[in-house]
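Survey of secondary and tertiary structure
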Amino acid sequence: MMNLLQQLVFPLLKKMKVFHQILIIIGIMITFAGIQGMLGFYTVTKIDANSQRLNKNTESTMYIREIEKELYVIQLKYSNDVNGAENSTRSYFTLSAETNLNGKLEQLKENYPDQVADILNNLRQIKRILQRTATKDNYLKVSSYLESCHTTLSDIATSLQEEMLNTIMENGRFFSFANSFTIILWLLGTVLATGSVLQLQS
């Protein structure tokens, strides 16, 4: 690179007046400073966007865990209903679980509309069954719908984990690129500025 500068750039500088050479040196410094500034701004923006995505995915993962807990409670209560004919699951689902589940599922709907639609459909089927007498046959149906919900939630959780891992890796690659590019700019700017000063002195 130094040889290229000596052959092409520096001879041109030598033919110019000192004032113009100084302007070019200043222009080079401003240009490289501007490029570094834009790179820094883009880096901050990129990292901030990825951080927000990670936070949102982490929050979604927490919602999934809470939804699964609610589903397990429904299954446990309905099992008790079948054995004791208490029908406590119906009131629990109506007063608490349905509201909590719909609210948390709404948070996942933006990125996983089809999966959430499947879960909501299963919950509607469960709600219909809860209006009937608690029996072993109905328990098997409820368990089947709940298992389908768990499978869908597991798929969403896997997708979130993969996306989070990819985001973390993307941050690493971007940091590496930004650091390397900054070093190259610094070296190039230093070489040009130093060479230009030397030409002024010669």
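Keep in mind that this is a model prediction, so the values were computed, not measured. (Residues numbered from 1 in each chain as written. Predicted model: local features only at pLDDT ≥ 70, side-chain atom pairs only at ≥ 80, totals over all residues. Heavy atoms only, no water.)

Looking now at the overall build of the chain. Scanning the chain from N- to C-terminus turns up 5 helices and 0 strands. Helices and strands appear in the chain in the N-to-C order α-α-α-α-α. A buried classification covers 32% of the 202 residues belonging to the chain. Taking the intrachain contacts of the chain between residues at least 6 apart in sequence as the baseline, contacts between residues at least 24 apart amount to 75%. Put simply, the chain shows about 12,600 Å² of open surface, and 60% of that area lies on carbon and sulfur atoms. (Helix = DSSP H or I, 4+ residues; strand = E, 2+ residues; numbered from the N terminus. Buried < 20%, exposed > 50% of the residue type's maximum accessible area, 1.4 Å probe, protein only. Contact = heavy atoms within 4.5 Å. Areas by Shrake-Rupley, 256 points an atom, 1.4 Å probe, with all protein chains shown as cover.)

In this section: the packing of aromatic side chains. One pair of aromatic rings is described through two measures. These are the centre distance and the angle between the planes. Applying the stated criterion to the full structure yields 1 aromatic pair. Considering the side-chain rings of Tyr78 and Tyr139, the 6.3 Å spacing of their centres and the 5° angle between planes classify their relative orientation as stacked. Taken as a pair, Tyr78 in helix H2 (residues 18–84) and Tyr139 in helix H5 (residues 136–201) lie far apart in primary sequence, 61 residues in all. Relative accessible area serves as the criterion here: at 2%, Tyr78 is assigned to the buried category. With relative accessibility at 24%, the residue Tyr139 sits in the partly exposed group. (Phe/Tyr/Trp six-rings, centres within 6.5 Å; stacked < 30°, edge-to-face > 60°.)

Glancing now at the side chain of Thr152. Tracing the sequence through the fold places Thr152 in helix H5. Setting aside chain neighbours within four positions, we find Thr152 in contact with Gln115 and Ile119.

The subject of this paragraph is the side chain of His150. Relative to the helices and strands, His150 is located in helix H5. In contact with His150, other than residues within four places in its own chain, are Glu68, Leu71 and Tyr72.

With that settled, the discussion passes to the pattern of salt bridges. Within this structure, the stated rule accounts for 2 salt bridges. Here Lys56 and Glu110 are joined by a salt bridge, their closest N and O atoms 2.9 Å apart. Placement of Lys56 in helix H2 and of Glu110 in the loop between helix H3 (88–109) and helix H4 (113–130) is noted, with a sequence separation of 54 residues between them. Looking at Lys56, the relative accessible area reads 32%, which means it is partly exposed. Across the pair Lys104 and Glu66 runs a salt bridge, and its minimum N-O distance is 3.7 Å. A residue pair is termed long-range when its members are at least 10 positions apart, and Lys104 in helix H3 and Glu66 in helix H2 qualify at 38 residues. The exposure class assigned to Lys104 is buried, which follows from its relative accessible area of 15%. Owing to a relative accessible area of 32%, Glu66 belongs among the partly exposed residues under this scheme. (Salt bridge = Lys/Arg side-chain N within 4 Å of Asp/Glu carboxyl O.)

Formed by 25 residues in total, the largest nonpolar core has its most connected members in Ile64, Ile67, Leu71, Tyr78, Leu101, Leu105 and Leu123. Of all the secondary-structure elements, those providing two or more residues to this core are H2, H3, H4 and H5. With 7 residues, the single largest contributor to this core is H5. In contact with Ile64, not counting residues within four places along its chain, are Leu108, Leu153, Ile156, Ala157 and Leu160. (Core = buried A, V, L, I, M, F, W, Y, C linked by side-chain atoms within 4.5 Å.)

Glancing now at a nonpolar patch on the surface. On the surface, a cluster of nonpolar side chains totalling about 280 Å² of accessible area is made up of Leu23, Ile26 and Ile30. Mapped onto the secondary structure, Leu23 falls in helix H2. Residue classification places Leu23 among the partly exposed residues on the basis of a relative accessible area of 44%. (Patch = residues over 30% accessible without salt bridge, like charges linked within 9 Å, V, L, I, M, F, W, Y side chains within 5 Å.)

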